[in-house]
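Chain by chain, the residues:
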Amino acid sequence: MANEVILLYFWPSMFGMRTRMALREKGVEFDYKEEDLWNKSTLLLETNPVHKKIPVLIHNGKPVWSDKNPLLPSDPYQRAQARFWVDFIDKNMYDAQRKLWGTKGEEQETGKKEFIELLKTLESELGDKTYFGGDNFGYVDIGLIGFYSWFHAYEKYGNLNIESECPKLIAWAKTCMQRESVAKSLPDPEKVIEFVTEIRKKIMIE
Amino acid sequence: MAERSEEVKLLGMWASPFSRRVEIALTLKGLPYEFSEQDIANKSPLLLQSNPVHKMIPVLLHNGKPISESLVILEYIDDTWQHNQILPQDPYDKAIARFWARFVDEQIYVTAMKVVGKVGEERDAAVEATRDLLKLMEKELVGKDFLGGESLGFVDIVATLVAFWLMRTEEVVGVKVVPVEMFPEIHRWVKNLLDVDVIKKCIPPEGEHLNYIRARMDSLKLKSV
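Reading the values: rules and limits
Residue numbering note: each chain is counted from 1, following its sequence as written. Naming scheme: in the order in which they are written, chains are lettered from A and ligands are numbered from 1. Where local features are concerned, this predicted model is filtered to residues with pLDDT of at least 70; where side-chain atom pairs are given and counted, the filter is 80 or more; whole-chain, interface and lining totals use all residues. Remark: hydrogens and water are excluded; side-chain values derive from all non-hydrogen atoms of the structure. Buried residues of nine kinds, namely Ala, Val, Leu, Ile, Met, Phe, Trp, Tyr and Cys, make up a nonpolar core once their side-chain atoms join them within 4.5 Å. Accessibility here uses a 1.4 Å probe with only protein chains present; expressed as a share of the type maximum, an area under 20% marks a residue as buried, one over 50% as exposed, and anything in between as partly exposed. Only DSSP runs of H or I with at least four residues qualify as helices, and only runs of E with at least two residues qualify as strands; both kinds are numbered from the N terminus onward. Residue contacts are defined here by distance: any two heavy atoms, one from each residue, within 4.5 Å place the two residues in contact. Patches in this entry comprise residues that are over 30% relatively accessible and not in a salt bridge; like charges within 9 Å are linked, as are nonpolar side chains (Val, Leu, Ile, Met, Phe, Trp, Tyr) within 5 Å. A 1.4 Å probe and the Shrake-Rupley method give the accessible areas. Residues count as covered only by the protein chains that appear here. Every case where a carboxyl oxygen of Asp or Glu lies within 4 Å of a side-chain nitrogen of Lys or Arg is listed as a salt bridge. When charges are counted, Lys and Arg contribute as positive and Asp and Glu as negative, whereas His and the chain ends are disregarded. Note that the charge is assigned to NZ on lysines, CZ on arginines, CG on aspartates and CD on glutamates. When two components associate, each loses some accessible surface as probed by a 1.4 Å sphere; the sum of these losses over both components is called the buried area. Confidence of the prediction at every residue is given by pLDDT, a number between 0 and 100. UniProt positions are given in the numbering used here, feature names are shortened, and annotations may be inferred rather than shown by experiment. Pairing of aromatic rings covers Phe, Tyr and Trp, the last counted by its six-membered ring, and requires centre-to-centre distances within 6.5 Å; plane angles under 30 degrees mean stacked, over 60 mean edge-to-face, and any other angle means tilted. Lysine and arginine charges are scored as sitting over a ring when NZ or CZ, respectively, is within 6 Å of the ring centre and within 35 degrees of the ring normal. Two strands make a pair as long as DSSP finds a minimum of two bridges between them. Note on definitions: angles span 0 to 180 degrees between N-to-C directions of axes, and those axes are lines fitted to C-alpha atoms, for helices only across the stretch in contact. To estimate the expected span of a helix, count its residues, drop one, and scale the result by 1.5 Å. Under this definition, polar contacts are N or O atom pairs within 3.5 Å; protein pairs additionally need one hydrogen-donor-capable and one acceptor-capable atom, and for neighbouring residues in sequence, both atoms have to be side-chain atoms. A right-handed crossover is one whose linking path, passing over the helix from the first strand to the second, runs clockwise when the strands point away from the viewer. Throughout, the arc means the angular range of directions from the helix axis out to the C-beta atoms. An angle below 35 degrees is treated as roughly parallel, one above 145 as roughly antiparallel, one from 65 to 115 as roughly perpendicular, and anything else as oblique. When the near helix sits turned anticlockwise from the far one by under a right angle, the crossing is termed left-handed; a clockwise turn instead gives a right-handed crossing. Just so you know the grouping, Ala, Val, Leu, Ile, Met, Phe, Trp, Tyr, Cys and Pro go in nonpolar, Asp, Glu, Lys and Arg go in charged, and all remaining residues, Gly too, go in polar.

A few points about the nonpolar core
Membership of the largest hydrophobic core comes to 69 residues, with the highest contact counts inside it found for Leu60, Ile77, Ile108, Leu134, Met137, Ile186 and Trp189 of chain B. Element by element, the count of residues in this core is highest for helix α6 (residues 154–173) of chain B, at 14 residues. If sequence neighbours within four positions are ignored, Ile186 of chain B has contacts with Leu134, Met137, Glu138, Leu141, Met167 and Val178 of chain B. With 57 residues, the next largest nonpolar core counts Phe132, Ile142, Ala173 and Cys176 of chain A among its residues.

This is the structure in structure tokens:
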């Protein structure tokens, strides 16, 4: 029986990137449909009526609204740790990075400090391991790496140098980028910069 | 299979919905545990050591190893002690259960907090917004005894936040956020919950709880003056 997998996504979204990486790591073939978030398709509105947001994975016609949990360790304690760190990323990264490129003055400075602190906390959690999961690319790596495609945009608009602050994290990111699933799922950082430039025009008065 | 020297300790707080949900899970699984009431205003070295990132309760210590974040703890409990499963087995159903749990914590909770924390027009707006979210939960309950289906599950445990915290706050705030005419299914579900022994045992006693909520609200008002 054919296994039909469709992913509704929006190319700059780090959350969509996670789902694409996970599917590729698992060797699952999928079709994808790019959504215009300012003009949502009927399919998106029907399959995620609660949030009307991407990503949505449709497996044999049944929508799964949040990204599935791939590549978790088998040991319950390690799984809990992995879930904890992705929860940490989800609760903090998005808001901090948003301040970095989407605000000015004091608010931006605060965002910058928060963002660097977050990266440093994550860097210390990584320690000397190759991946957050240890020797194997896993759940937390997938949870964080999408943000890497936005780093050039953060550096440009946030006026910072991430590598000098968190060299180990950058080294980790480059290791992840060697994986096909990651390289294929992350957008070109230059395109992200263009995207952010456009959004800034809409939301900010220069 | 539990080892004889299994040590389970919960760093929690009697009035916290996040702490109580872990107690519900442990009790459902019949797991003995040591409860350690934490003073949030004066955090213990053990708490700070066990959850250095967030410095918050609940924290579960299993044979000395800490696990933080209530949803993470619930999944850990289900993974470690596999009898009386809290989450559904089927991956699709599990994903949906996780979705609704996050909805309660990230949407309903955040919006409902504004009902308590704001006054006047801002409060009215928060009540409206909370009701809009609850309507989605109301729909989920049609034809079901529990959010988990025929019996209590993961989402029910998480949503006790609505049944025994949001709805209890109504008395203190003086606003019927969840009127029975608008939310008959939710009211029916709360009755079903109260019929479950484990729930009755694990929720904070109503009188003391209302006093606590009142006291907290008063202190919040004082701070904003």
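Some points on a positive patch on the surface
On the surface, a cluster of positive charge is made up of Lys40, Lys52 and Lys53 of chain A together with Lys139 of chain B. Secondary-structure assignment places Lys52 of chain A in the loop between α2 (42–47) and β3 (56–59). Residue class for Lys52 of chain A comes out partly exposed when judged on its relative accessible area of 39%.

Some remarks on the environment of Val178 of chain B
Residues and elements named next belong to chain B. You can see Val178 is positioned in the loop between α6 and α7 (184–194). Distance in space between the C-alpha atoms of Val178 and Leu134 is 8.2 Å, their sequence separation being 44 residues. Apart from residues lying up to four places away in sequence, Val178 is in contact with Leu134, Leu166, Met167, Glu170, Phe183, Ile186 and His187.

Topic: the interface of chain B and chain A
One widely used convention gives an interface's size as the accessible area the parts lose upon coming together. Listed by partner, the interface residues are 24 residues for chain B and 22 residues for chain A. Taking both sides of the interface into account, the surface hidden between chain B and chain A amounts to around 2,100 Å²; carbon and sulfur atoms contribute 66%. Where chain B meets chain A, there are 5 salt bridges. We note a salt bridge from Asp79 of chain B to Arg83 of chain A, for which the minimum N-O separation is 3.4 Å.

Here we look at the confidence of the model for chain B
Averaged over every residue, the pLDDT of chain B is 92; residues scoring 70 or more account for 96%. Complex prediction metrics read pTM 0.81 and ipTM 0.77.

Topic: the UniProt feature "domain: GST C-terminal" (unreviewed entry) in chain B
The feature "domain: GST C-terminal" (unreviewed entry), as given by UniProt, occupies residues 90–219 of chain B in the numbering adopted here. Helix makes up 77% of residues 90–219 of chain B and strand makes up 0%, while its end C-alpha atoms are separated by 46 Å.

Let's talk about the confidence of the model for chain A
Counting all residues, the mean pLDDT for chain A is 87, and 93% of those residues have values of 70 or more. The least confident element of chain A is strand β4 (residues 62–64) of chain A, whose mean pLDDT is 65; the most confident is helix α8 (residues 167–177) of chain A, at 97.

Considering the environment of Asn48 of chain A
Considering the arrangement of structural elements, one finds Asn48 of chain A in the loop between α2 and β3. Placed 92 residues apart in sequence, Asn48 of chain A and Val140 of chain A show a C-alpha to C-alpha distance of 25 Å.

Notes on the packing of aromatic side chains
All chains considered together, the criterion is met by 23 aromatic pairs over all chains. For the ring pair Trp101 of chain A and Trp150 of chain A, a centre distance of 5.9 Å and an interplane angle of 40° mean the geometry is tilted. Pair noted here: Trp101 of chain A is in helix α3 (residues 76–102) and Trp150 of chain A is in the loop between α5 (139–145) and α6 (151–158), with a separation of 49 residues, a long-range link. When its relative accessible area of 4% is taken as the criterion, Trp101 of chain A is described as buried. Residue Trp150 of chain A is classed as buried on the basis of its relative accessible area, which comes to 5%. Ring pairing ties together the aromatic residues Phe10, Trp11, Trp101, Phe115, Tyr148, Trp150, Phe151, Tyr154 and Phe195 of chain A, which thus form one cluster. Of note, Lys65 of chain B hangs over the ring of Tyr77 of chain A, and the distance from its end group to the ring centre comes to 4.5 Å.

Observations concerning the sheet that holds strand β1 (residues 8–12) of chain B
Residue and element names in this part refer to chain B. In spatial order, the strands read β2-β1-β3-β4; together these 4 strands make up an open sheet with mixed pairing. Edge positions in the sheet fall to β2 (34–37) and β4 (65–68), since each has one partner strand and no second. Adjacent strand axes in the sheet meet at a mean angle of 20° when their direction is disregarded. Against the sheet, helix α1 (residues 17–28) engages β1, β2 and β3 (59–62), with an angle of about 160° to β1.

A look at α3 of chain A
In this model α3 of chain A runs 39 Å from its N-terminal to its C-terminal C-alpha over 27 residues, within 8% of the 39 Å that 1.5 Å per residue would give. If you check the start of α3 of chain A, you find a side-chain oxygen 3.2 Å away from the backbone N of Tyr77 of chain A, and it comes from Asp75 of chain A.

Observations regarding the UniProt feature "domain: GST C-terminal" (unreviewed entry) in chain A
Taking the numbering used here, the UniProt-annotated feature "domain: GST C-terminal" (unreviewed entry) corresponds to residues 75–199 of chain A. Span residues 75–199 of chain A is 77% helix and 0% strand, its end C-alpha atoms 42 Å apart.

A closer look at the UniProt feature "domain: GST N-terminal" (unreviewed entry) in chain B
Residues given the UniProt feature "domain: GST N-terminal" (unreviewed entry) here are residues 6–85 of chain B. Segment residues 6–85 of chain B splits into 36% helix and 21% strand. End C-alpha atoms: 19 Å apart.

A short note on the pairing of β2 of chain B
Sheet faces and side chains relate simply in a regular strand, where the side chains alternate between the two faces. All names here are of chain B. In this structure, β1 lies alongside β2, joined through 4 bridges in parallel fashion. When the sheet's bridge partners are listed, Leu10 is paired in β2 with Phe35. Regarding topology, α1 serves as the crossover connection from β1 to the parallel β2, and that connection is right-handed.

Let's talk about α7 of chain B
All names here are of chain B. Within the sequence span of α7, burial applies to Glu185, Ile186, Trp189, Val190, Asn192 and Leu193. All buried residues of α7 project into a common sector of 160° when viewed along the axis, lining one side. Elements in contact with the buried residues of α7: α5 (120–141), α6 and α8 (197–202).

Observations concerning the packing of α5 of chain B against α6 of chain B
Residues and elements named next belong to chain B. Packing of α5 against α6 leaves a shortest axis separation of 14 Å and a crossing angle of 150°. Between α5 and α6, the interaxial angle falls into the category roughly antiparallel. Crossing of α5 over α6 shows left-handed handedness. Contacts from Arg123, Thr130, Leu134 and Met137 of α5 reach α6 at Ala159, Val162, Leu166 and Val173. Split by residue class, the contact of α5 with α6 holds 6 nonpolar, 1 polar and 1 charged.

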